[in-house]
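# Remarks on the overall topology
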Amino acid sequence: MADFAEILQTYSSLAVDYTALYELGDPGLLNSLADYIADQQKTVFVSKSFKVMHECVQRANNPKDRAIYGAIKNLMRSLIDAKLLRASKSASSVDFFLEHIGNEDECLFIGRNGNSFSRLRNINAQGKCAVFVVNHGRIKFYKSLAECLEAEKPYTVNPISGNSDFIASDNYFSVGDIVCTDDGEEITLTSLISTGAEGLVFCTQHEEWVAKVYHRGGITPLRWYKLMKMRALELETDNICWPCRLLFSRNRIPVGYMMRKASGTTISRAFDGPDAMEKYFPGWTRLSIVNATLSFLYSMEYLHLHGVIAGDIQLKNAMVEDEEHIFMIDMDSAQYQDLPCPVGTEEFTRPELWDKSFVTFLRRPQDEDYSIAILVFSMLFCGQHPYAQRNGLEMLRDEMEAHSFPYTVDDSENERIPYGGYDKIWDALTPTLKDMFVRAFKDGELFDSLEWACALREYREKLMAFEYPNAEVYRVFPYFVKEVEAPAKRTGKMSIREAVMNMNSAEMSSQYTSQMPSSHVADQKKRPEVNHPSFKGTLQPPSERAIKPANGNASQASALVNRMNAISANKEKQAAEEASSQSKQKDSDQPTGFGRFFRKKKN
């Protein structure tokens, strides 16, 4: 650190990436760094997403991080007190680097093993700044960025990835059997949780830990070598089911690993439209959806902080217990260092990678950005894929290749948006999120998980501050009305149209009352009512949509709104026709001629 202090004297400021402070790993070194910066009165620049990364570490709750987390917090506080800290407007790591690498009076402070360093390399950055690279507590200085990138060679695919052999084993395990950990503990398989294509997952005598035991032939050299590297990383976190201990048979044959126990249901099952959302999370609001999406992003960024790329991102590879607990599962396939992720899911993968064999190349952080963008959209839209649309091309992959995104920033077009209230979800998003989605899915621009997290935090703040006067905005599905049950004499369910047409009957009114939320308060200064026990919305949208832009017009109304307005108009027309018919019937029912005679005789 003494050499570091001497070198630092020649520069006016320091651009610090969070990965550098995290990889120092020693609170004592961080305290010394803080002293050098304060003594020399050096200005320190950090990105807009610095606090997000710090929150990722806090939420991971990894025991090995607690000391360094506190030391980083103290360092930031001391810089603020000394008025030496400056925050960039850029949430993106790449944008932050580009702001500073061209200044020869500054030096960049970055970690070697996080994905930030990979991003710096992948953009082929050119700059005059000096670079301090931190690698597991050791600092190396380079006089220029070019010298740094030349010396710090990137990973290449490990030759073991192409080995299709497997570790032979005659062991078959079931409930009651015993396996051994790599540190000598005997683990009892107490009950079976699930059976998959790769192996079995068992409960153990440790309530919070489960064992994954592979089928015969399931452990390849790539898989086992990767598991050993993963185990050494020690990612013992709350919400990531990371391989934390290796498992062997009693005759020392590799059989699997131990990981944190996940709970809840998969995102693919819960986030599958209105009925599924209400079944699994009936009390959720739009704020709950945003919090759950943020929880996923925090876990993803914690992986990126350690240089891990999840690879096979999809809705079924994460489980949701509540909005604060999203569990990343099936992590044994993730890419780490020179060992690729061998699998992928087409609808979450960049089209450029579709025809490639995943074991033959290492994915870049930019490839992960594409998958994360789709998952963020899918979670905010409760399972809907961003390229799903009405009257589109024959297959989803065709829409993905054509960048055919059915949403627009100014809501000028909505005829291709799927039915079901998804246009209302889009209406309620912040301008920042709308702009990012359009740029990502229509223009092909990529945003990293930190940028999505910052945008979602902005959305969350607006929801928490009740800045939207329209109560429907706070529901999971704005304006969505669930089909009500038909009377006992009927079978099946009553359609929305039938429910509307029969609202005047006492029987139908009784059935439908439970679905109607409390009326919207006219005074916009009062917080809208959002504590309804269900996320079902009102039957009719308000006459004026506060969440539309100022230049909106009636022609931009969604297909769902048009349909509901048509239902209302038909109802009024039918009521008028019925009234006219009853009037004529009344006149015709007056007895005349022989009718009067028979009426009198009957009486």
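The model shown is predicted, which means the values in this text are computed figures rather than measured ones.

Okay, the state of the cysteines next. Per the counting criterion, the structure on display carries 0 disulfides. Among the cysteines around Cys 454, which has no disulfide bond, Cys 56 carries the closest sulfur, lying 9.7 Å off.

Our focus in this paragraph is the pattern of salt bridges. One pass over the full model with this rule turns up 23 salt bridges. The shortest N-O distance in the salt bridge between Glu 185 and Arg 245 comes to 2.8 Å. A residue pair is termed long-range when its members are at least 10 positions apart, and Glu 185 in the loop between β7 (178-181) and β8 (186-188) and Arg 245 in strand β12 (residues 245-248) qualify at 60 residues. When its relative accessible area of 17% is taken as the criterion, Arg 245 is described as buried. Salt-bridge contacts for Arg 439 lead to Glu 445; the nearest nitrogen and oxygen are separated by 2.6 Å. One continuous salt-bridge network, built from bridges that share partners, spans Glu 55, Arg 59, Glu 324 and Arg 457.

Another point: the nonpolar core. Counting residues in hydrophobic clusters, the biggest one holds 112 residues, and the most contacted among them are Leu 21, Phe 109, Leu 380, Phe 437 and Trp 452. For this core, the leading source of residues is helix α12 (residues 286-305), giving 11 residues. Excluding its chain neighbours within four sequence positions, the residues that come into contact with Leu 380 are Arg 286, Ile 289, Val 290, Thr 293, Ile 425, Leu 429, Leu 433, Phe 437 and Leu 456. Listed in part, the 16 residues of the second largest apolar core include Ile 101, Leu 108, Val 133 and Tyr 142.

What follows concerns the pairing of β12. Along β12, one buried face is formed by Arg 245 and Leu 247 and the opposite face, lined by Leu 246 and Phe 248, is buried too. Across 2 bridges, β7 lies against β12 in antiparallel orientation. Among the inter-strand pairings, Thr 181 is bridged to a residue of β12, identified as Leu 247. Where β12 folds back onto strand β13 (residues 254-260) in an antiparallel hairpin, the turn is made up of 5 residues, including Arg 252, whose phi is positive at roughly 65°.

Across the protein, the average pLDDT comes to 81, with 78% of residues at 70 or higher. Across residues 483-526, confidence stays below pLDDT 50; counting only partners more than four residues off in sequence or on other chains, it has 61 contacts.

With that out of the way, let us pick up the sheet that holds strand β1 (residues 13-16). Read across the open sheet, the 6 strands follow the order β3-β2-β1-β4-β5-β6; overall the sheet is mixed. In this open sheet, the two strands that pair with only one neighbour each are β3 (85-87) and β6 (138-142). Ignoring which end each strand starts from, the neighbouring axes of this sheet average 25° apart.

Time to look at unusual backbone geometry. With a phi angle near 55°, Cys 382 is a residue other than glycine that sits in the positive phi range. Residue position: Cys 382 is located in the loop between α13 (365-380) and α14 (396-402). With a phi close to 55°, Phe 466 is a non-glycine residue in the positive phi region. With respect to the secondary-structure elements, Phe 466 resides in the loop between α17 (449-464) and α18 (496-501). Since its relative accessible area comes to 25%, Phe 466 is described here as partly exposed.

This next bit is on the sheet that holds strand β17 (residues 325-328). If you trace the 3 strands from one edge of the open sheet to the other, you get β14-β16-β17, paired in antiparallel fashion. The sheet is open, and its two borders are formed by β14 (265-266) and β17, each paired with just one other strand. Here strand β16 (residues 318-322) pairs with β17 via 4 bridges, running antiparallel. Bridging from a neighbouring strand, Asp 322 pairs with His 325 of β17.

This part covers the environment of Val 308. With respect to the secondary-structure elements, Val 308 resides in strand β15 (residues 308-309). Each C-alpha atom, one on Val 308 and one on Pro 365, is 9.3 Å from the other, the two residues being 57 residues apart in sequence.

Okay, the packing of aromatic side chains next. The full count for this structure, using the stated rule, is 28 aromatic pairs. Where Phe 132 meets Phe 141, the ring centres are 4.9 Å apart and the plane angle is 45°; that geometry is what we call tilted. Given a relative accessible area of 25%, Phe 141 falls into the partly exposed group. One aromatic cluster is present, formed by Phe 377, Phe 381, Tyr 387, Phe 405, Tyr 407, Trp 426, Phe 437, Phe 441, Phe 447 and Trp 452 through successive ring pairs. Taking the ring centre of Phe 248 as reference, the NZ or CZ of Arg 252 above it sits at 4.1 Å. Lying across the ring of Phe 358, Arg 363 places its NZ or CZ 4.2 Å from the centre.

Quick notes on the rules
- Residues numbered from 1 in each chain as written.
- Predicted model: local features only at pLDDT ≥ 70, side-chain atom pairs only at ≥ 80, totals over all residues.
- Heavy atoms only, no water.
- Disulfide = S-S within 2.5 Å.
- Salt bridge = Lys/Arg side-chain N within 4 Å of Asp/Glu carboxyl O.
- Helix = DSSP H or I, 4+ residues; strand = E, 2+ residues; numbered from the N terminus.
- Buried < 20%, exposed > 50% of the residue type's maximum accessible area, 1.4 Å probe, protein only.
- Core = buried A, V, L, I, M, F, W, Y, C linked by side-chain atoms within 4.5 Å.
- Contact = heavy atoms within 4.5 Å.
- Pairing = 2+ DSSP bridges.
- pLDDT = per-residue confidence, 0-100.
- Axes fitted to C-alpha atoms, helices over the stretch in contact; angles between N-to-C directions.
- Phe/Tyr/Trp six-rings, centres within 6.5 Å; stacked < 30°, edge-to-face > 60°.
- Lys NZ or Arg CZ within 6 Å of the ring centre and 35° of its normal.

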